[in-house]
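If you want the building blocks of each chain, they are given just below.
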Amino acid sequence: MRPGIKLVIALLVALAWVPSLAQAQDLPKKQRAEVHRFAANNSLFVLYHELGHLLFDQLDLPVLGREEDAADNVATWILLRRGDAEANQTLIDAARGWTLSGIA
């Protein structure tokens, strides 16, 4: 199984850990916002990761080393190039997502 797929599965498991909608309404507003931010940021990182795979395939770009690592590097590079606080938080949340998934 591709590590990118493993990350998506890990994110789904992490989201299953998040309280249900009924329970989420009982969470404080700040905590709910943090959960939504975490899920959105990890989804954005996965989107950029998959964009890396798309670029490698469609542009026939050479990849040195593992393609999964290269796709992670593309996602990280895109976010680092943005250079704003939101992009930095996305990278922090993605690292936390890797930790939760056991991939890191």
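These remarks concern the structure in this document. (Residues numbered from 1 in each chain as written. Predicted model: local features only at pLDDT ≥ 70, side-chain atom pairs only at ≥ 80, totals over all residues. Heavy atoms only, no water.)

1. A closer look at the overall build of the protein chain
Looking only at helices and strands, one finds five helices and zero strands in the protein chain. When the helices and strands of the protein chain are read in sequence order from the N terminus, they spell out α-α-α-α-α. Looking at the 104 residues of the protein chain, the share that counts as buried comes to 32%. Sequence-distant contacts in the protein chain: of pairs separated by 6 or more residues, those separated by 24 or more amount to 67%. (Helix = DSSP H or I, 4+ residues; strand = E, 2+ residues; numbered from the N terminus. Buried < 20%, exposed > 50% of the residue type's maximum accessible area, 1.4 Å probe, protein only. Contact = heavy atoms within 4.5 Å.)

2. Here we look at the packing of helix α3 (residues 29-58) against helix α5 (residues 85-101)
Contact geometry of α3 with α5 gives a least axis separation of 8 Å together with a crossing angle of 90°. Classed by the angle they form, the pair α3 and α5 counts as roughly perpendicular. Where α3 abuts α5, its residues R37, F38, N41, N42, L44 and F45 lie against Q89, T90, L91, D93, A94, R96, G97, W98 and L100. Partitioning the contact of α3 with α5 into residue classes produces seven nonpolar, five polar and three charged. (Axes fitted to C-alpha atoms, helices over the stretch in contact; angles between N-to-C directions. Parallel < 35°, antiparallel > 145°, perpendicular 65-115°, else oblique. Nonpolar A, V, L, I, M, F, W, Y, C, P; charged D, E, K, R; others polar.)

3. Details of the packing of helix α4 (residues 67-82) against α5
Running from N to C, α4 and α5 point in directions that differ by 150°, and their axes come no closer than 7 Å. Considering their axes alone, α4 and α5 lie roughly antiparallel with respect to each other. Judged by the sense of rotation from one axis to the other, the crossing of α4 with α5 is left-handed. Facing α4, whose interface residues are D72, T76, L79, L80 and R82, α5 presents E86, A87, T90, L91 and W98. (Left-handed = near helix turned anticlockwise from the far one by under 90°.)

4. Comments concerning the pattern of salt bridges
Scanning all chains against the criterion turns up five salt bridges. One salt bridge in this structure joins R37 and D93, with 2.9 Å as the shortest N-O distance. One end of the pair, R37, is in helix α3; the other, D93, is in helix α5, and 56 residues separate them in sequence. Connected through shared salt-bridge partners, R37, D93 and R96 make up one network. (Salt bridge = Lys/Arg side-chain N within 4 Å of Asp/Glu carboxyl O.)

5. Focus on the nonpolar core
F45, Y48, F56, A70, A71, V74, A75, I78, L79, A87, L91 and A94 form the largest nonpolar core, which has twelve residues in total. Of all the elements in the fold, those that place two or more residues in this core are α3, α4 and α5. (Core = buried A, V, L, I, M, F, W, Y, C linked by side-chain atoms within 4.5 Å.)

6. A short note on α3
Here α3 contains 30 residues, and its C-alpha end-to-end distance of 43 Å stays within 8% of the 44 Å for a straight helix at 1.5 Å per residue. Those residues of α3 not exposed but buried are F38, A39, N41, N42, F45, V46, Y48, H49, G52, H53 and F56. Backbone geometry just downstream of α3 places D60 in the positive-phi region, at approximately 50°. (Expected span 1.5 Å × (residues − 1).)

7. Some remarks on α4
Given a rise of 1.5 Å per residue, 16 residues ought to cover 22 Å, and the 23 Å separating the end C-alpha atoms of α4 matches this to within 8%. Buried within α4 are the following residues: E68, A70, A71, D72, V74, A75, I78 and L79. G83 occupies a position one or two residues after α4 and carries a positive phi of about 65°.

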